[in-house]
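# Close look at the chain arrangement
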Amino acid sequence: MDGETWLAERFERERPRLRALLGSLTEAEDAVQETWLRLARTDADTVDNLDAWLTTVVARVSLNALRSRAARREDPLDVRLPDPVVETPPPDADPAHAAVLADSVGLALLVVLDTLNPTERLAFVLHDMFGVPFDEIGPLVDRSPAAARQLASRARRRVRGQAPAPERDLARQRAVVDAFLAAAREGDLDALIAVLHPDVVLRSDGGTARARHTTVLTGARQVAAQATTFGRLFPYARPVLVNGAAGVLVSAGGRTLSVMAFTVTDGRIVAVDVIADRRRLVALGLDD
């Protein structure tokens with residue numbers, strides 16, 4: 001294997017975690033591409049620790065992008081979900097693919113990360129997801145190591161309160177999601193409530209063109225009632241992976257109607273994130 005191929009493969013293995021720094025698919029891919037270009041211009045023999053080098057460079061690129069986004073003061077809609085990564089589940093449990101999925105960042109977590117300020121987000125992601133020590137994070141965010149630790153701690157408290165850790169076993173996730181869909185199709189409110197956490201949150205992003213589909217619902221009974229309303233569409237749902245977790249794509253006649261991401265914890269659904277913005281769905285290339 002030549003040096004360029006080796007670097008490319010190493011870089012691809014890091015891509016899912018590198019995306020966590022930004023969340024927005026377009027911005028994240030831009031940051032990742034910029035990092036790759038810098039890597040291609042660098043003599044690999046001078047890089048002692050490629051993981052550390054990649055992390056540092058993409059962190060600086062991402063921090064600049066996050067600060068630029070904040071400076072533009074883009075006020076989001078009531079619900080603005082990050083662009084998802086949607087793919088068809090692999091037919092078998094490929095170990096390499098499973099490792100990539102394990103490093104993926106779920107949509108519910110990205111929603112919470114988007115509420116953090118740029119330095120909090122960077123400190124949290126670098127330390128908790130990449131294992132970067134605070135004495136290295138401090139200079140990246142123009143803080144002392146102690147201050148960087150405080151940034152990450154504040155972010156961690158918010159994340160734990162709003163984005164519970166998901167079930168790691170994809171088969172268990174899928175079983176819970178399948179039970180949810182079956183109950184919704186049957187209009188079985190009790191069965192739906194049984195698979196929903198009492199404090200489940202449903203976020204739906206319909207964009208500006210479908211503003212009536214933009215909403216936030218909390219509580220098992222409210223979410224269950226909403227699911228029975230749209231249960232007639234679930235026969236058109238097919239399983240997909242959304243940011244590495246169990247999800248569904250709802251389509252009819254080759255036209256994608258929505259993408260649904262589920263966060264499953266301890267056998268129950270704690271979050272449902274729905275993108276129904278037709279413009280964004282088309283941009284993601286999800287139509288058949």
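In this text the structure is predicted, and so the values were computed from the model without any measurement.

Analysis parameters
- Residues numbered from 1 in each chain as written.
- Predicted model: local features only at pLDDT ≥ 70, side-chain atom pairs only at ≥ 80, totals over all residues.
- Heavy atoms only, no water.
- Salt bridge = Lys/Arg side-chain N within 4 Å of Asp/Glu carboxyl O.
- Helix = DSSP H or I, 4+ residues; strand = E, 2+ residues; numbered from the N terminus.
- Buried < 20%, exposed > 50% of the residue type's maximum accessible area, 1.4 Å probe, protein only.
- Core = buried A, V, L, I, M, F, W, Y, C linked by side-chain atoms within 4.5 Å.
- Contact = heavy atoms within 4.5 Å.
- Arc of directions from axis to C-beta.
- Pairing = 2+ DSSP bridges.
- Axes fitted to C-alpha atoms, helices over the stretch in contact; angles between N-to-C directions.
- Expected span 1.5 Å × (residues − 1).

Applying the stated criterion to the full structure yields six salt bridges. Between Glu120 and Arg154 there is a salt bridge whose closest N-O contact spans 3.1 Å. Of this pair, Glu120 sits in helix H6 (residues 118-129) while Arg154 sits in helix H8 (residues 145-162); the two residues are 34 residues apart in sequence, bridging distant segments of the chain. For Glu120, a relative accessible area of 6% corresponds to the buried category.

So, about the environment of Arg60. In this structure, Arg60 sits in helix H3 (residues 50-72). Arg60 gets classed as partly exposed once you look at its relative accessible area, which sits at 42%. Once the C-alpha coordinates of Arg60 and Leu140 are considered, the two residues, 80 residues apart in sequence, prove to be 6.8 Å apart.

What follows concerns the nonpolar core. Formed by 36 residues in total, the largest nonpolar core has its most connected members in Leu113, Leu126, Ile137 and Val159. Counting residues per element, the ones that place at least two in this core are H3, helix H5 (107-113), H6, helix H7 (134-140), H8, strand E4 (237-242) and strand E6 (255-265). Sorting elements by how many residues they give to this core places H5 first, with six residues. Sequence-distant contacts of Ile137, defined by excluding residues within four places in its chain, comprise Ala123, Leu126, His127, Val132 and Ala148. Core analysis: the second largest hydrophobic core is formed by 26 residues, Leu196, Leu202, Phe234 and Val274 among them.

This part takes up helix H11 (residues 220-229). Every buried residue of H11 is listed here: Ala220, Val223, Ala224 and Ala227. Around the axis of H11, the buried residues are gathered within 100 degrees of arc, so they sit on the same side. Packing partners of the buried residues in H11 comprise helix H9 (170-186), helix H10 (189-195), strand E2 (196-205) and strand E3 (215-218).

Now for the sheet that holds E3. Sheet architecture is open: seven strands sit in the order E1-E4-E5-E6-E7-E2-E3, paired in mixed fashion. Every interior strand has two partners, whereas the edge strands, strand E1 (86-87) and E3, have only one. Pairing geometry for E2 and strand E7 (residues 268-275), over six bridges, is parallel. Paired with Asp205 across the bridge in E7 is Ile275. Where H9 meets the sheet, it contacts E2, E4, strand E5 (245-252), E6 and E7, and its direction lies at approximately 40 degrees from that of E5.

Turning to the environment of Val264, a few remarks are in order. With respect to the helices and strands, the residue Val264 is situated in strand E6. A C-alpha to C-alpha distance of 5.6 Å links Val264 and Glu167, two positions 97 residues apart in sequence. Not counting the four nearest positions on each side in its chain, Val264 is found in contact with Pro166, Glu167, Gln173, Val176, Val177 and Ile269.

Looking now at unusual backbone geometry. Negative phi values dominate among residues other than glycine, just as trans dominates among peptide bonds. Positive phi is not limited to glycine here, since Asp142 has a value of about 60 degrees. Topologically, Asp142 is positioned in the loop between H7 and H8. Classification of Asp142 by relative accessible area gives exposed; the value is 56%. In this structure, Asn243 is a non-glycine residue whose phi angle is positive, near 50 degrees. Secondary-structure assignment places Asn243 in the loop between E4 and E5.

Right, let's talk about the pairing of E2 for a bit. Bridging between E2 and E3 involves four bridges; their strand directions are antiparallel. Bridge assignment links Leu202 to a residue of E3, and that residue is Leu217.

Moving on to H8. For H8, built from 18 residues, the straight-helix expectation of 26 Å at 1.5 Å per residue is met to within 8% by its first-to-last C-alpha distance of 26 Å. Inspection of H8 places Ala148, Leu151, Ala152, Ala155, Arg156 and Val159 among the buried residues, and these make up the whole buried set. Seen end-on, H8 carries its buried residues on one side only, within an arc spanning 135 degrees. Turned more than 90 degrees away from the buried face of H8, the exposed residues are Arg149, Gln150, Arg157, Arg160 and Gly161. Where H8 is buried, its residues meet H5, H6 and H7.

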